[in-house]
Structure formats: structure tokens, C-alpha cells
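# Fold and geometry: a report
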Amino acid sequence: MTKRRAAWLWAAWTLIAGGCTTLAGLDRSYHPAEGAGGAAGATGGPSSASTTGGAGAGGGAADVPADIKLIDDMEDGDAAIEEAGGRVGYWYSYNDGTGTQTPPVYSEETPVGFHPETLTPPRGRSTRAVHTFGSGFTEWGAGVGFALNGPDMGLFPYDASAYAGIVFWARLGDAGAVKTMKVNVSDKVSEPAGGICDESAGEGDPDRCFDHWSTLAHLGPEWAPVVIPFDELTRGGWGAEPTAQAIDLAGLYVIEFRFAQDEDFDVYIDDIGFYR
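Residues numbered from 1 in each chain as written. Predicted model: local features only at pLDDT ≥ 70, side-chain atom pairs only at ≥ 80, totals over all residues. Heavy atoms only, no water.

### A few points about the packing of aromatic side chains
To keep things clear, this is the line we draw: Stacked, tilted and edge-to-face are the three classes applied to pairs of Phe, Tyr and Trp rings, where Trp contributes its six-membered ring and a pair requires centres within 6.5 Å; stacked means planes under 30 degrees apart, edge-to-face means over 60, and tilted covers the rest. The buried label applies to any residue whose accessible area, calculated with a 1.4 Å probe on protein chains only, is under 20% of its type's maximum; exposed applies above 50%, and partly exposed to all values in between. Geometrically, a charge over a ring is one whose NZ (Lys) or CZ (Arg) sits within 6 Å of the ring centre while staying within 35 degrees of the ring normal.
Under the definition given, this model contains twelve aromatic pairs. The interplanar angle of 5° and the centroid separation of 4.5 Å between the aromatic rings of Phe259 and Phe265 together place this pair among those described as stacked. For Phe259, a relative accessible area of 1% translates into the label buried. We classify Phe265 as buried; its relative accessible area is 3%. Put simply, the rings of Trp91, Phe114, Phe146, Phe168 and Phe257 touch in pairs and so form one group of aromatic residues. Over the ring of Trp169 we find Arg123, and its NZ or CZ is 4.7 Å from the ring centre. Just above the ring of Trp223 sits the side chain of Arg123; from NZ or CZ to the centre is 5.2 Å.

### What to know about the side chain of Arg87
What counts, and what does not: Under the scheme used here, helices are H or I runs from DSSP no shorter than 4 residues and strands are E runs no shorter than 2 residues, and both carry numbers assigned from the N terminus. Counted as positive: Lys and Arg. Counted as negative: Asp and Glu. His and the chain ends are not counted at all. Any Lys or Arg side-chain nitrogen found within 4 Å of a carboxyl oxygen on Asp or Glu counts as a salt bridge. The term polar contact refers here to a pair of N or O atoms within 3.5 Å; inside protein, the definition further demands a hydrogen-donor-capable atom paired with an acceptor-capable atom, and it admits residues adjacent in sequence only when both atoms are side-chain atoms. Contacts between residues were defined by any pair of non-hydrogen atoms, one from each residue, lying within 4.5 Å.
Mapped onto the elements of the fold, Arg87 is located in the loop between strand S1 (68–72) and strand S2 (91–95). Buried and unpaired, Arg87 has Glu82 as its nearest opposite-charge partner, separated by 6.9 Å. Among the polar contacts listed, one links the side chain of Arg87 to the backbone oxygen of Leu70, at a separation of 2.9 Å. Discounting chain neighbours no more than four positions away, the residues touching Arg87 are Leu70, Ile71, Ile81, Glu82, Leu148, Tyr158, Tyr163 and Phe274.

Fair warning: the whole summary comes from geometry, so function is off the table for now.
Structure follows, in C-alpha cells:
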């Protein structure tokens, strides 16, 4: 997993050097009530659309929350999330090095920047989204993600205790790709920067890192909202402090979208935010 952290640092350094664009915010750019290519709903308001099992606990539907604080709508076309609410972060790819992934992991050998893809056709007013696809991974897999508080090549805790969960829109790019993805949220217990777990610990060590809080999001061929309450996230129990009962919302680090080994994946992700 150290490949993921190294790749993020390379990408962050490149983006910081190149500068970032700050958007106007939720009132202009969040599209919670849009369908595939349809007109946008009331800005920032509730939607009649429902999840397709976004909470990963049996596929129950839930309305899109009304009070959403934008993390990133991808409309500026760069890898930076929106600088608002104390958040500073950048999208990155990560994988185990055995297969192929687009966008590729940033390195000196493959210095390709992470950029949202232009949607054709647009999703209502949304014209860009994160798009990742890949196959052939045989160790632990691949994914994409971003830091919530990662200025100047650092990684610091972000206080999300004011929020109840995260919400985003997603769809498959290829109907034959895997139809679920793991959504990881790291906190002080599971992230090496939290100082609790040991990044060098091997399998079977009780102090292992990366046992993140997670759930499964279900994917379909059409755009659909995915609503993930923080209180429904669970851990595998193999990492540091396995008896921790709930995610530490006062100290979150990264949000990641993960695919396991031996899975062909192809997914679009758009308009991600916290909700109250």
C-alpha cells in the first residue's frame, strides 16, 4: 500500500506547483436531482431519486439528503477538490502494480496528471466526472481517492463531525464491469498519519494499517445517487484497535473507491459531498 501514498505525494506536488481553481460552491455546482442527461433539479434541494443499495446493507432505497456540502463536482477539470470548509486535497490513482489502470498511478516513469473526464452527453448541468477503469490486478487490486486535508504534500486529520455521511453519483462505464465498489473512509485508527497503526506491520500483526471504515456501493448502467451514512461503515477487524465501535469523525483523512483483485472495473463518479 505504500505505492498508493507515494503516488499521491507525487500527484499533490505536481498540482500544487501548477495551481488550483476554487469554485463558487454548492449554490452553483451541485446537481443532486439530475438523472442521466436530464435537467437539473432545484439547486442543493432534495431529490425524488433514490439509491440503488448505496449503503451496502441490503440495497434499501433512501432519498438524497437536502443539506449537502460539496467536496468536489469535477467541473474545473483538475485533480483538486474544492477548497471549502477547511478541505484541501487532490484525486489520485493507486494499485498493486500487477495490472493496468486509467488514470495511471503518477510516477516519474508515468507522469500523467489526474483529470476528470468530459461527459458525453453531459449529466444535466454536470459536464465532467472522475472515470477510472482497469483489469488484471492479482494481489489486492486498485482504486482512486482523495485526501480531505492534504496541503503542501502533507496529510492531516479533517474534522467531519458536523456531517452524517457522504453522497455521490455513480454509474458503470462498461456494462460488463464489476457492479460493486468498496467505499473506504480512513480515520486516525486506520491511516498511518494518525499515529496509531504501524504502516510497516505485516499480515497477522495487530497494529496493521489500512483496515479502513467501509461499505459496498452498487453500480448500474444509469447515473444513480449513492448515500452512505457514517454510522453504517464497518471495518474488517484485522487492523489496529479492532474493537473500535465507530469511525472517528473528528479525524478523517482520505475517501477512496476500491476494487479488489481479479475484478474488471469501469466506473464514473460525480458530485461528491458531505451531508448533514
